[in-house]
Amino acid sequence: MLSRRQMLFGAAALPFLQIYPRYAAAEVALPLRRLVRAAEGQIGVTVFYDSAYRSIGYPQGDVPRDRGVCSDVVIRAYRDGLGVDLQRLVHEDMVANFAAYPRNWGLSRTDRNIDHRRVPNLMVFLTRQGGKLPKGTPYDTGDVVTQMVGGRLPHVVIVSDEKVAGTKRRKVIHNIGGGTVFADVLETYPVTGHYRWTGSEIQAIPS
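Predicted model only: the values in this text are computed from it and were never measured.

A. Summary view of the pattern of salt bridges. As enumerated under the stated definition, the model contains 17 salt bridges in all. Linking Asp50 and Arg54 is a salt bridge whose minimum nitrogen-to-oxygen distance equals 3.1 Å. Put simply, Arg88 and Glu92 hold a salt bridge, and the shortest N to O gap is 3.1 Å. Of this pair, Arg88 and Glu92 both sit in helix 4 (residues 86-96), four residues apart, which is roughly one turn of that helix.

Here is the structure:
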């Protein structure tokens, strides 16, 4: 939740940022750099890919830090870098707006142990928060990109500020099987979604 001071500052700053858009861009860029640094901090720490279902705490729940899936890279980066708990936010939005989320798993109710760790749910949440970018938007530091691996496996990565040597392609930070690593996969798998969201303004969207 945003504090009263944060909300008042945000309201006061809005006209200034509208007049000086380069400062508005900086307001987005700085948090997203923190997001990337938090994702990088998982490299060498999260060394296993483990998709097993686990009961975890709530809020701020997590599986053991040495393991996880692709979505855990994103969840931990938002939590560590920006103080945003996607477990709580996705759960609360799903409770209030369950029909807006996919039924890929035959669920009839929410499950706060796993809902936020499912890529299609993250896609819906980020879209509902206004984070979805138009097709063709250039990739930038801290963008969240979803992909489809092998035509059937949803995947998610965080775009880094590093480029692949000799190219203009951005490296990503992800876990696709051997722990959290840098990789060059933005053009390897079909892209299904492109998002940019700092979590600084949580929108309560009606059903």
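B. Summary view of the nonpolar core. In this structure, Tyr78, Leu86, Phe125, Ile158 and Trp197 are the most contacted members of the largest nonpolar core, which totals 31 residues. Within the residue set of this core, elements represented by two or more residues are helix 2 (21-40), helix 3 (70-82), helix 4, helix 5 (119-128) and strand 4 (153-163). Element by element, the count of residues in this core is highest for helix 3, at seven residues. The contacts of Ile158, once residues within four sequence positions are left out, are Leu35, Val36, Ala39, Val73, Val74, Ala77, Gly142, Asp143, Lys171, Val172 and Ile173. Counting seven residues, the second-largest nonpolar core is a separate cluster that includes Val145, Val159, Ala183 and Leu186.

C. Expanded view of the sheet that holds strand 5 (residues 170-174). Overall, antiparallel pairing links the five strands, which are arranged 6-5-4-3-7 in an open sheet. Looking at strand neighbours, the two that pair on one side only are strand 6 (181-183) and strand 7 (191-195), the edges of this open sheet. With direction set aside, neighbouring strand axes in the sheet form an average angle of 35°. The pairing of strand 5 with strand 6 spans three bridges and is antiparallel. Bridge pairing links His174 to Val181 in strand 6. Against the sheet, helix 3 engages strand 3 (144-149), strand 4 and strand 5, with an angle of about 50° to strand 4.

D. Up close: the packing of aromatic side chains. Going through the model one piece at a time under the given rule, you end up with two aromatic pairs. Ring geometry for Tyr78 and Trp197: centres 5.6 Å apart, planes at 45°, overall tilted. Placement of the pair is Tyr78 in helix 3 and Trp197 in the segment after strand 7, with a sequence separation of 119 residues. Across this residue pair, the class does not change: Tyr78 and Trp197 are buried. Seen in terms of ring centroids, Phe125 and Trp197 are 5.5 Å apart; in terms of plane orientation they differ by 85°. Their pairing is edge-to-face. Here Trp197 lies in the segment after strand 7 and Phe125 lies in helix 5, a separation of 72 residues in the sequence. Here the two residues Phe125 and Trp197 agree in accessibility, since each one is buried. Three or more aromatic residues link up through ring pairs in this structure, and these residues are Tyr78, Phe125 and Trp197. Geometry around Trp105 places Arg118 over its ring, the cationic atom sitting 4.3 Å from the centre.

E. Representation of helix 3 within the structure. Helix length check: helix 3, at 13 residues, gives a terminal C-alpha distance of 18 Å against a target of 18 Å (1.5 Å per residue), a fit within 8%. Buried residues dominate helix 3, accounting for 12 of its 13 residues. Taken together, the buried positions of helix 3 are occupied by Cys70, Ser71, Asp72, Val73, Val74, Ile75, Arg76, Ala77, Tyr78, Arg79, Gly81 and Leu82.

F. Structural context of the pairing of strand 4. Where strand 3 and strand 4 come together, six bridges link them in antiparallel fashion. Bridge pairing in strand 4 links Thr146 to Val156. The hairpin turn running from strand 3 into strand 4, its antiparallel successor, is three residues long, and Gly150 in that turn takes a positive phi close to 65°. Pairing analysis gives three bridges linking strand 4 to strand 5, with the strands arranged antiparallel. Residue pairing across strands places Val159 opposite Val172, the latter belonging to strand 5. As consecutive antiparallel partners, strand 4 and strand 5 are separated by six residues, and within that stretch Gly166 has a phi angle of approximately 80°, a positive value.

The rules we used
Residues numbered from 1 in each chain as written. Predicted model: local features only at pLDDT ≥ 70, side-chain atom pairs only at ≥ 80, totals over all residues. Heavy atoms only, no water. Salt bridge = Lys/Arg side-chain N within 4 Å of Asp/Glu carboxyl O. Helix = DSSP H or I, 4+ residues; strand = E, 2+ residues; numbered from the N terminus. Core = buried A, V, L, I, M, F, W, Y, C linked by side-chain atoms within 4.5 Å. Buried < 20%, exposed > 50% of the residue type's maximum accessible area, 1.4 Å probe, protein only. Contact = heavy atoms within 4.5 Å. Pairing = 2+ DSSP bridges. Axes fitted to C-alpha atoms, helices over the stretch in contact; angles between N-to-C directions. Phe/Tyr/Trp six-rings, centres within 6.5 Å; stacked < 30°, edge-to-face > 60°. Lys NZ or Arg CZ within 6 Å of the ring centre and 35° of its normal. Expected span 1.5 Å × (residues − 1).

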